[in-house]
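An overview of the molecular structure
Each chain is listed here by its residues.
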Amino acid sequence: MVSIREVGPRDGLQNEAPVPTDAKVRLLDALSATGVRRIEAVSFVHPKAIPQMADADEVWKRARRAEGVRYSALVPNLRGADRALAAGFTELEVVVSASDTHNRRNVNRSTEDSLTDITALIQAVHAAGGTVEVIVATSFGCPYEGDVAPARVAGIVERVLGDGADRVAFGDTTGMGTPRRVRELLAAVDQVRGAAPVLLHFHNTRGTGLANILTALELGVTEFDASVGGLGGCPYAPGASGNVATEEVVHMLHDMGIDTGIDLERLLEAAALAEKMTGRELPSGVLRAGPRTRLTAQ
């Protein structure tokens, strides 16, 4: 079985024009009813940095929590972690960029400074009974610096796991990943991660998202991020729109005989809702054409 974490409500919407709180709650509730087992619901960032997430507390307060779904929140720092814990989250994610330039553009500090802060954040979250996943952004390349050496990413993984991180994830922040680079990164990371769970987050900016997932599957990875309708991107990375669409991933996996636990028809209904609430055509091919089993009337 493959586990998909739906990131549309957070990663997807943070790159769109702000949408009303009611619409965010409807989308989150619709996704909770698809059978997906993990959802990144909100992020607790400063409203000046990401105004699209200014209503995170209200969205989470009003959302229906589906039984069997694990909800998580992204936090940028210890203050954000305190807010997330106070809101009731126990699964938190924090991002650090492997690229120093991207990290400075993202959080106005060096990668090293962020890693120092993450050490303290992990300790505080663990003391409160929560878990921390460290997401290494620009793992497959940086729009400012170019290629990022897999050894650098592996070094970050070794450090955060040594500091107590519960999980690690790798973000293809601007869609620079290719199957070759997926193989190279996982080979380097596997030497240092031990038994720590690994999740991959791909963008489809250059059309390689599904190919990268297939490559990772062949290498034993079974956890992936995806965003309903293909929403999302990175507000600090030019041209980075387009997370891999959840319905495209589910459609491919189900045809391969791989279970996800997700109802594709309900997921497509949620994708249609996301398209309506954002007011633009989303890039998902399966949303446009439907699944391959949907026939055209003669």
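Fair warning: this is a prediction, and the values are worked out from it, not measured in the lab.

Within the chain, the regular secondary structure consists of 12 helices and 8 strands. By the compact-globule yardstick of 19 Å for 298 residues, the chain fits well, its C-alpha radius of gyration being 18 Å. If one aligns the C-alpha atoms of the chain with their principal axes, the spans along those axes are about 60 × 40 × 35 Å. A separation threshold of at least 6 residues defines the contact pool for the chain, and within that pool the share at least 24 residues apart is 74%. In the form shown here, the chain has an accessible surface area of approximately 12,400 Å², with 49% of it arising from carbon and sulfur atoms. In the chain, the 31 positive side-chain charges and the 38 negative ones have mean positions that sit 3 Å from each other.

Turning our attention to the pairing of strand 4 (residues 91-97). Put simply, side chains in a regular strand alternate between the two faces of the sheet. Burial analysis of strand 4 places 6 of its 7 residues in the buried class, the great majority of the element. In this structure, strand 3 (residues 70-75) lies alongside strand 4, joined through 4 bridges in parallel fashion. Of the residues in strand 4, the one forming a bridge with S72 is E91. Once you follow strand 3 into helix 4 (residues 78-87) and on to strand 4, the crossover reads as right-handed. Pairing geometry for strand 4 and strand 5 (residues 131-137), over 7 bridges, is parallel. By the bridge assignment for strand 5, E91 is matched with T131.

On to the pattern of salt bridges. Applying the stated criterion to the full structure yields 27 salt bridges. Note that D22 is salt-bridged to R62, the shortest N-O span being 2.0 Å. Of this pair, D22 sits in helix 2 (residues 21-32) while R62 is found in helix 3 (residues 56-62), placing the two residues 40 residues apart along the sequence. You can call D22 partly exposed: its relative accessible area is 40%. Between R38 and E223 there is a salt bridge; the shortest N-O distance is 3.3 Å. Of this pair, R38 sits in strand 2 (residues 38-43) while E223 sits in strand 8 (residues 223-226), placing them 185 residues apart in sequence. Overall, E223 belongs to the buried group, its relative accessible area being 17%. In this structure, a network of salt bridges that share partners links the residues R5, R38, R70, E91, E93, E133, R167, E223 and D225.

Take the packing of aromatic side chains next. Tallied over the full model, the rule gives 4 aromatic pairs. Over the face of the ring belonging to W60 we find R65, whose NZ or CZ atom lies 3.8 Å from the ring centre. Above the ring of Y144, the side-chain terminus of R105 is found at 4.5 Å from the ring centroid.

Okay, unusual backbone geometry next. Positioned with a positive phi, N108 is a non-glycine residue whose angle comes to about 60 degrees. Along the chain, the position of N108 falls in the loop between helix 5 (100-107) and helix 6 (111-127). Of the residues examined, N108 reaches a relative accessible area of 68% and is grouped as exposed. Phi angles above zero are rare outside glycine, and T138 is one such case at about 50 degrees. Note on placement: T138 falls in the loop between strand 5 and helix 7 (150-162).

Turning our attention to the sheet that holds strand 6 (residues 167-171). In sheet architecture, strand pairing relies on hydrogen bonds along the backbone and comes in two forms, parallel and antiparallel. Spatially, the 8 strands close up into a barrel ordered 1-2-3-4-5-6-7-8, and their pairing is parallel. Recorded for the sheet is a direction-independent mean angle of 30 degrees between the axes of neighbouring strands. Relative to strand 3, strand 2 is paired through 5 bridges, and the arrangement is parallel. Each residue of the ladder has a partner; that of S43, found in strand 3, is L74.

Glancing now at helix 10 (residues 246-255). By the criterion of burial, helix 10 is predominantly enclosed, with 8 of the 10 residues buried. Residues T246, E247, E248, V249, V250, H251, M252 and L253 constitute the buried set of helix 10. On its buried side, helix 10 packs onto strand 1 (3-6), helix 9 (209-218), strand 8, helix 11 (264-278) and helix 12 (285-289). After helix 10 finishes, the residue G257 shows a positive phi value of roughly 80 degrees.

Reading the values: rules and limits
Residues numbered from 1 in each chain as written. Predicted model: local features only at pLDDT ≥ 70, side-chain atom pairs only at ≥ 80, totals over all residues. Heavy atoms only, no water. Helix = DSSP H or I, 4+ residues; strand = E, 2+ residues; numbered from the N terminus. Rg over C-alpha atoms; globule rule 2.2 N^0.38 Å. Contact = heavy atoms within 4.5 Å. Areas by Shrake-Rupley, 256 points an atom, 1.4 Å probe, with all protein chains shown as cover. Lys, Arg positive; Asp, Glu negative; His and termini not counted. Charge placed at Lys NZ, Arg CZ, Asp CG, Glu CD. Buried < 20%, exposed > 50% of the residue type's maximum accessible area, 1.4 Å probe, protein only. Pairing = 2+ DSSP bridges. Right-handed = clockwise from strand over helix to strand, strands pointing away. Salt bridge = Lys/Arg side-chain N within 4 Å of Asp/Glu carboxyl O. Phe/Tyr/Trp six-rings, centres within 6.5 Å; stacked < 30°, edge-to-face > 60°. Lys NZ or Arg CZ within 6 Å of the ring centre and 35° of its normal. Axes fitted to C-alpha atoms, helices over the stretch in contact; angles between N-to-C directions.

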